[in-house]
Amino acid sequence: MSADAQPLGRDTQTSSSCQIGNIKKGASGKHCEVPIPQSCKVAMNAATKTHWADIEKSGGLSCRFDDKLTDWKTRITGACGVCQARQCSAKFTVYFDCPKTP
């Protein structure tokens, strides 16, 4: 499991992600927490009016942001179901709006 934050092209936006790798066939219950950058809030997708987030996955894996463990302000948790392939992986990315630093 790994997590990282990357600045985007604009001064006030950034992304943060966590990754689950090497999930073996039949394994389930894997999850990771997306780090929330200090002073930032989750960006909203203007078109869909939902949180701006993305899930990349492989190996016939079903993944989602866990409603019980995610409040989008202090904790963001990605969770995956059973791995259907020999090996699976998932990456949860969330985009943030951050105040401009002087």
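The present account deals with the structure reproduced in this document. As a convention, each chain's residues are numbered from 1 in the sequence order in which they are written. The predicted origin of the model limits local features to residues at a pLDDT of at least 70 and limits the giving and counting of side-chain atom pairs to 80 or more, whereas totals for whole chains, interfaces and linings rest on all residues. Calculated side-chain values reflect all of the structure's heavy atoms, with hydrogen atoms and water omitted.

**A closer look at the pattern of salt bridges**
By salt bridge we mean one thing: a side-chain nitrogen of Lys or Arg within 4 Å of a carboxyl oxygen of Asp or Glu. Evaluated as defined, the whole model comprises 1 salt bridge. Taking the shortest distance from any N to any O, the salt bridge between Glu33 and Arg75 comes out at 3.1 Å. Placement of Glu33 in strand β3 (residues 31–33) and of Arg75 in the loop between β8 (63–65) and β9 (77–80) is noted, with a sequence separation of 42 residues between them. Burial classes: relative accessible area under 20% of the type maximum marks a residue as buried, over 50% as exposed, and values in between as partly exposed (1.4 Å probe, protein chains only). According to the relative accessible area criterion, Glu33 is partly exposed, its value standing at 40%. Put simply, DSSP H or I for four residues or longer makes a helix, DSSP E for two residues or longer makes a strand, and each gets a number counted from the N terminus.

**A word on the side chain of Asp66**
The residue Asp66 is located in the loop between β8 and β9 in this model. For the purpose of charge, His is not counted, nor are the chain termini; Lys and Arg are scored as positive and Asp and Glu as negative. Here Asp66 occupies a buried position and makes no salt bridge, while the nearest side chain of opposite charge, Arg64, is found at 4.1 Å. Whenever two N or O atoms come within 3.5 Å, that pair is a polar contact, provided that in protein one can donate a hydrogen and the other can accept it, and provided that, for residues adjacent in sequence, both atoms are side-chain atoms. One polar contact links the side chain of Asp66 to the main-chain amide nitrogen of Lys68, over a distance of 2.8 Å. Contact partners of Asp66, with chain neighbours within four places excluded, come to Thr77 and Ala79. Whether two residues are in contact is decided by their heavy atoms, any of which lying within 4.5 Å being enough.

**Focus: the nonpolar core**
Each nonpolar core is a collection of buried residues, namely Ala, Val, Leu, Ile, Met, Phe, Trp, Tyr and Cys, held together in the definition by side-chain atoms within 4.5 Å. Ranked by size, the top nonpolar core spans 19 residues in total, and within it Val34, Leu61, Ile76, Cys80, Phe92, Val94 and Phe96 carry the most contacts. For this core, the secondary-structure elements that each account for two or more residues are β2 (13–24), β8 and β10 (87–97). Among the elements that take part in this core, β10 stands out by supplying 5 residues, more than any other. Those residues in contact with Val34, other than ones at most four positions away along the chain, are Ser16, Ser17, Cys18, Phe65, Ile76, Phe92 and Val94.

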